[in-house]
Amino acid sequence: MNILDNLKYTKSHEWVEETGAGTVRIGLSDFAQNELGDLVFVNLPEVGDTVTVEEPFADVESVKAVSDVFSPVTGTVSAINNDIADSPEKINSDPYGSWFIEVKDVTAKTELLDSAAYKKICEEA
Amino acid sequence: MGSYIPSTLEERDEMLRTIGIKSTDDLYAAVPSQMKLNHLNIPEGMAELTVSEKIRAMAAKNKVFGSVFRGAGAYNHYIPSIVKEVTGKETFLTAYTPYQAEISQGVLQNIFEYQTMICELTGMDVANASVYDGASGAAEAITMCIDRKRRKALVSSAANPMIIQTIRTYCFGSGTEVVMIPSRDGLTDLDAAASLIDDTTACIYMQQPNYFGQIEDCTAAAEKAHGAGLKLIMGVDPVAAISIKSARECGADVAVGEGQPLGMPLSFGGPYLGFMASTKEMMRRMPGRIVGETKDVDGKRAYVLTLQAREQHIRREKASSNICSNQALCAMTAAVYLTTMGTKGMQEVASLCYSKAHYAAAQISSIPGFDIVYKGEFFYEFVTKTPVDADKLLAKLEEKDILGGYPVEGGILWCVTEMNSKDQIDALVSALKEVSSCN
Amino acid sequence: MQLNYEKSREGRGCSVMPACDVPVCKVPEELARKQTARFPQMAEVDISRHYTQLEKRSHGVNDGFYPLGSCTMKYNPKLNDEMAALPGFTGIHPLQPVHTVQGCLEVISTLESYLDEITGMTGMTFQPAAGAHGEFTGLLLIKAYHTHRGDTKRNTIIIPDTAHGTNPASSTMAGFKVINIPSNADGCMDLDALRAAVGEDTAGLMLTNPNTVGIFDKNILEITKIIHEAGGLNYYDGANLNSIMGVVRPGDMGFDVIHINLHKTFSTPHGGGGPGAGAVGCKKELEQFLPLYRAVKDGNGYGFSNAEHSIGSVKEFYGNFGVIVRALAYVMVLGREGIPEAASNAVLNANYMRASLQDTYCIPFNDICMHEFVMSIEDLKRDKGVTALDIAKALLDYGVHPPTIYFPLIVEEAMMWEPTETESKDTLDDVVSILKEIHAKALSDPASLHEAPHSTPVRRLDEVGAARNPVVKYDFEADK
């Protein structure tokens, strides 16, 4: 199970990259993509949408299931990754290179775990 | 009493013993005794012969008309014999939904073929495996178009009243606002439509041909809709669709319609067939089942239900539609019908309907008092005035075994199909002359 | 196997239409379609063979045991089909004058009287074309009821986690928010969770009883009372009615509105996915909201009745009439003793199968069940890596249609079996032997089950590829 040290993580298995003052990038961890299985589709929000901490902002579909992706922050969507919209399989093959959205004007944040703490969560699961 | 239970009384006792209980009453031990029924107050069961007699007697109380000149949502078309033969095959009739693809390739391939045909009919990129009928299809199409910001649907007043009614009921559920676009001279008033559009409008629904049989300018409607950032839903007649500009050629985003004309009998209103098709962009918003092509582990081409993550069994409360069972066998009926008719046969049907309707319209409107009400181009339905009370007129026609047109505001809505021979049409015209001159 | 489009040849066809006997008119050029609508061009013999090939690659109730849980794949009597095909029914235009359709109205009204009695309701509509359509309709009745009373706060529907996906989906379509509540360890409604979930926003509860693990919830009167006391109404999902019809009535359990699946309980055929019919019954206080065009007795004959505050229509016309005729024939054949006999034998067969398998397979709620029971393959998955999917695919090699799998959601690796009453003891014994054989294979040679099925026309499919790159129609440009 791959876990990158330079990123932060949530309990719901999203990774978070702080890209500047009040901006973040969000994706799904290796643990998450492995649990979800082959992904066939991603439903992303639109640029300009509001995201709310700990609420779903997107969902991913496998053949037989849909799973919510939860936002670790409250803010405004400043960019969406059309690459994964076109090729959702990249989330499986390269989870940390497959960001979902960038968020600006971040106000609230959920509890973010460092790689060690996240590793523990994965082991207990 | 009749029964379809194979197990004998001895076998039932053996089974009770295996389970370890004394009687079938013990099976219902969890049911509170005060709720158990002592007596079901319906008639005793009857033998097949008796039931057959009784139901035939009910059927005999209906009148099957010798000639039918009524449409208004249900159409009298010829059903080729092979259609009935194929759709009566026991396996097709009794099969379940093809979730187990390996043993359901026949059902799945048929749906794939049907989807292809609906895409041909409408000019669209993707079709689903059916919805209940044209009216519920129209309502589901509106759901495809609404989003968080756009929650208003503009609906043409020239659409079939039952379709409008169904749209209103569905929108009572979804909280979508329905605004009616007025009609003028039997056509949707597109200028009025333009003035009703704002940035909360999701779509326009128009019927083609419309309820009065008139051919609408859907291309202009699509331009107005797209110019304002909304979608156009066209409700299309599948026979007219052969000859007039397709939904795709007009620029529609979604095409829906009533498929009953494609091989299904009138049958007092059902089962019918709702077909739905859309552009590629709207594929994932489409409700209902969709069959896709794939390969199996040995590389063989195969068919499977796909994009299931749109549907209720996966999305549950997040699904955009709850549809589960659809009109599968009716979709098969349409597929067999279109295969039997073929490209040329369908063109013949359309041409016969169009020609006969225009012949009839010319003949009827030449009788004093039967002026054509809406003077635009029509396909195979048209409205004429009537010089005498419509109900009286229709009663007189009934005496001659003719089901006349449907009484609507302003006159009578006539429908002429390939089932109306020249003799039948001429007999209708004579009857109308007779009835109108007597009064 | 080729598609009909691939068998099409320019110049082939059938001769169905005569020449035009009136002057031929053409659609004006500016209105005409430019791109031809293309359909297969085949001779009748080739059409006949094409569909015969498709039939051989399909599986109907006529092919064998079809134990899909909550689908009630009982035998479809042929009398029903013949009655529905009578010209006196098929030739009737729905907009004919009422005095010319008395027979059709009598069919609908008569069936209503029988189904009202079986379910304990007083009013019914046959307009909905399927169970889910009926759920949507029934929920709109509940919505109309509260709205009419000026009680606009009631916007939630309570649904247990064992519910079929259509229940929450229908609630969303009807404009409600769904409150999911967990079941207890018995698989039944957790009364404390229910009490905690009700409030001033409760519009109603959606429930099926027996539930989807096949158990009759003996607390049903308490459950429906809790909802009524909170000001809500109770909706009965009739999918499992086959277990109790003629024995106990939803109306007597405290339900206010129900749907019935005519294509399940009342033997009408499934048609490869439809058409069905989802009749909706209700109690007196909801009758004023029923959809339009209800068939009723009217003086000396029959007519249409439009409810005072009708919710309108959920489709055109009056319902899937051909399906309604079939259900009527069925109820007339079974009658007052045959209806409960069918129910109790459905329950007998399910318990016999359960008792025969309980020493081999894991059955989580292994007590007297109703018309269906749930098996879990969790133990085989853990120990041998064999899943419910593998068992299902293995059954295909024996020509047995698998049961429902991965439902209900509260059981891991679930397989839900519903034999129905129209299976003989011999059939049940055969299937039990097959299942024991498969179980033995799972223990001795699990790899062979991962590869199953072996003997079907196609084997396991690439569903991921089908979803990632959907190909949903024939490609005319592809090389032949």
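Since we're looking at a predicted model, the values are computed, not measured.

**Digging into the confidence of the model for chain A**
Point 1. Summing up the model confidence of chain A, the mean pLDDT is 93 and the portion of residues at 70 or higher is 100%.
Point 2. Mean pLDDT across the secondary structure elements of chain A bottoms out at helix 2 (residues 82–86) of chain A, with 91, and peaks at strand 9 (residues 99–104) of chain A, with 96.

**Considering the environment of A129 of chain B**
Point 1. Within the secondary structure layout, A129 of chain B lies in the loop between strand 2 (126–127) and helix 6 (134–145).
Point 2. The exposure class of A129 of chain B is buried, given the 29 C-beta atoms found within 10 Å.
Point 3. Note: C-alpha distance between A129 of chain B and I290 of chain B (161 residues apart in sequence) is 5.6 Å.
Point 4. Leaving out residues up to four positions away in the same chain, A129 of chain B has contacts with I111, Q115, G288, R289, I290, V291, N326, A328 and A331 of chain B together with G273 of chain C.

**Quick notes on helix 13 (residues 328–365) of chain B**
Residue and element names in this part refer to chain B.
Point 1. Compared with the 56 Å implied by 1.5 Å per residue over 38 residues, the 42 Å span of helix 13 between its first and last C-alpha is markedly short.
Point 2. Of all the bends in helix 13, the greatest, near 95 degrees, is centred on G342.
Point 3. A large share of helix 13 lies buried, amounting to 31 of its 38 residues.

**What about the interface of chain A and chain B?**
Point 1. Taken together, the contact between chain A and chain B spans six residues of the former and four residues of the latter.
Point 2. Here the residues of the side of chain A that touches chain B are counted per class, giving four nonpolar, no polar and two charged.

**Some words on the pairing of strand 9 (residues 301–305) of chain C**
All names here are of chain C.
Point 1. Sheet analysis places strand 8 (residues 294–298) next to strand 9, joined by five bridges and oriented antiparallel. Across the sheet, A295 pairs through a bridge with F304, a residue of strand 9.
Point 2. Hairpin connection from strand 8 to strand 9: two residues lie between these consecutive antiparallel strands, with G299 at a positive phi of about 65 degrees.

**Things to note about the packing of helix 2 (residues 48–60) of chain B against helix 5 (residues 102–119) of chain C**
For any two helices packed against each other, one specifies the inter-axial angle together with the distance between the axes.
Point 1. At their nearest, the axes of helix 2 of chain B and helix 5 of chain C sit 6 Å apart, and the two run at 135 degrees to each other. By the angle class used here, helix 2 of chain B and helix 5 of chain C are oblique. Between helix 2 of chain B and helix 5 of chain C, the residues in contact are M58, A59 and A60 of chain B and G103, E106 and V107 of chain C, respectively.

**A closer look at unusual backbone geometry**
Point 1. Residues Q208 of chain B and P209 of chain B are joined by a peptide bond in cis, for which omega reads -10 degrees.
Point 2. Relative to the assigned elements, P209 of chain B resides in the loop between strand 7 (201–208) and helix 9 (218–227).
Point 3. In this model, N209 of chain C is joined to P210 of chain C through a cis peptide bond whose omega is 5 degrees.
Point 4. For L307 of chain B, which is not glycine, the phi torsion reads 50 degrees and is therefore positive.
Point 5. You can see L307 of chain B is positioned in the loop between strand 12 (301–306) and helix 12 (312–315).
Point 6. The class for L307 of chain B is buried, based on 23 C-beta atoms found within 10 Å.
Point 7. Phi angles above zero are rare outside glycine, and E413 of chain C is one such case at about 45 degrees.
Point 8. Within the secondary structure layout, E413 of chain C lies in the loop between strand 11 (404–405) and strand 12 (414–417).
Point 9. Of the residues examined, E413 of chain C has 21 C-beta atoms within 10 Å and is grouped as buried.

**Some remarks on the nonpolar core**
Point 1. Formed by 341 residues in total, the largest nonpolar core has its most connected members in I142, I204, Y205 and I233 of chain B together with I324 of chain C.
Point 2. Per-element tally for this core: the top contributor is helix 11 (residues 321–357) of chain C, with 23 residues.
Point 3. Not counting the four nearest positions on each side in its chain, I324 of chain C is found in contact with V107, I108, L111, F126, A277 and G319 of chain C.

**Re the environment of D81 of chain C**
Residue and element names in this part refer to chain C.
Point 1. Mapping D81 onto the fold places it in helix 3 (residues 78–84).
Point 2. Under the C-beta neighbour-count criterion, D81 is labelled partly exposed, with 19 such atoms within 10 Å.
Point 3. Along the chain, D81 and P269 lie 188 residues apart, while their C-alpha atoms are 8.8 Å from each other.

**Quick word on the domain arrangement of chain B**
Residues and elements named next belong to chain B.
Point 1. One can read the domain layout of chain B as domain 1 (9–60), domain 2 (67–77 + 342–438) and domain 3 (81–336).
Point 2. Placing the centre of domain 2 and that of domain 3 at their C-alpha centroids yields a distance of 28 Å.
Point 3. With 22 residues of domain 2 at the interface, the matching set in domain 3 holds 21 residues.
Point 4. Of all the secondary-structure elements, those providing two or more residues to the side of domain 2 that touches domain 3 are helix 13 and strand 13 (381–384).
Point 5. If you tally residues by element for the side of domain 2 that touches domain 3, the top one is helix 13, at six residues.
Point 6. Among the residues making up the side of domain 2 that touches domain 3, the classes are represented as 15 nonpolar, five polar and two charged.

Rules of the game
Residues numbered from 1 in each chain as written. Chains lettered and ligands numbered in written order. Predicted model: local features only at pLDDT ≥ 70, side-chain atom pairs only at ≥ 80, totals over all residues. pLDDT = per-residue confidence, 0-100. Helix = DSSP H or I, 4+ residues; strand = E, 2+ residues; numbered from the N terminus. Buried ≥ 20, exposed ≤ 12 C-beta atoms within 10 Å, placed from the backbone. Contact = placed C-beta atoms within 7 Å. Expected span 1.5 Å × (residues − 1). Bend = angle between axes of the 7 residues up to and from the residue. Nonpolar A, V, L, I, M, F, W, Y, C, P; charged D, E, K, R; others polar. Pairing = 2+ DSSP bridges. Axes fitted to C-alpha atoms, helices over the stretch in contact; angles between N-to-C directions. Parallel < 35°, antiparallel > 145°, perpendicular 65-115°, else oblique. Core = buried A, V, L, I, M, F, W, Y, C linked by C-beta atoms within 7 Å. Domains from an automatic or database assignment.

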